Amino acid sequence: MALSSLLLLWMVACKVWDTEAKPIAFVCNRAARRALNIVAELEGALSVCADLMTLSSPVLLPCTGLHAATWGEKSELEKREDIVVSLKLLSENIRTIRNSTQSECGTLLLQRLENNIRNYLLIITNLQLNVYVFCLSSASALPVFCLDQQGSVLPPSLSCVPQSTQSLRRVLESYNQLITGKLESFTLTLGDRCTSQ
């Protein structure tokens, strides 16, 4: 019981990424990117929140597949949108599950996961790219849709047909693959901006 209380205290008191920092600092600092990835911590917390191993309803998984040739042909904007759409999908699914979760431990763990996803969304959507894009936002401050230089709507679309699972461990593995795969690859393509800092 004491371990459970300690875990809850740890999860509530966890640090939140400073979203006021410049997003380019995230791109240029690999240690900051690693520190923001809390998947291993959440996987460890699953042993205490055993009731959360199987979720009450299926969660759509983010698109994590990375075909190097296809990915390399995408523009910076397309890469960002691919990642943003996957993160939004996961965030919305986690919020729905969290709202129906009965256990305090499970609610806190899912809240921490949702906050972590939102931190990534805030950083990625606020990165300055080499294209002019105007984004309209909802009340959540995350872009609903964007317009390119010609005023064309850039519709968000998934790069795969999402699979679903009720295993939180599988959700965390997929989230980690998105962070360490597509997101890391995207930040590495922006590395030339770090020399001008």
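Above this text is the structure in question.
Computed from a prediction, not measured in an experiment: that's the story for all the values here. (Residues numbered from 1 in each chain as written. Predicted model: local features only at pLDDT ≥ 70, side-chain atom pairs only at ≥ 80, totals over all residues. Heavy atoms only, no water.)

Trainee: I'd like a rundown of the packing of aromatic side chains, residues and numbers included.
Mentor: Counting across every chain of the model gives two aromatic pairs. Ring centres 6.0 Å apart and planes at 80 degrees place the aromatic pair Phe26 and Tyr120 in the edge-to-face group. With Phe26 in helix α2 (residues 23-28) and Tyr120 in helix α7 (residues 104-125), the pair connects residues that are 94 residues apart, well separated along the chain. For the pair Phe26 and Tyr120, one class covers both residues: buried. (Phe/Tyr/Trp six-rings, centres within 6.5 Å; stacked < 30°, edge-to-face > 60°. Helix = DSSP H or I, 4+ residues; strand = E, 2+ residues; numbered from the N terminus. Buried < 20%, exposed > 50% of the residue type's maximum accessible area, 1.4 Å probe, protein only.)

Trainee: Explain the packing of helix α6 (residues 76-100) against helix α8 (residues 168-189) residue by residue, including any values.
Mentor: For the pair α6 and α8, interaxial distance at closest approach is 10 Å and the crossing angle is 160 degrees. Relative to α8, the element α6 lies roughly antiparallel. As for how α6 packs across α8, the hand of that crossing is left-handed. Between α6 and α8, the residues in contact are Glu76, Lys79, Arg80, Asp82, Ile83, Ser86, Leu87, Leu90 and Ile94 and Val171, Tyr175, Leu178, Lys182, Leu183, Phe186 and Thr189, respectively. A class-by-class count of the residues in the contact of α6 with α8 yields nine nonpolar, two polar and five charged. (Axes fitted to C-alpha atoms, helices over the stretch in contact; angles between N-to-C directions. Parallel < 35°, antiparallel > 145°, perpendicular 65-115°, else oblique. Left-handed = near helix turned anticlockwise from the far one by under 90°. Contact = heavy atoms within 4.5 Å. Nonpolar A, V, L, I, M, F, W, Y, C, P; charged D, E, K, R; others polar.)

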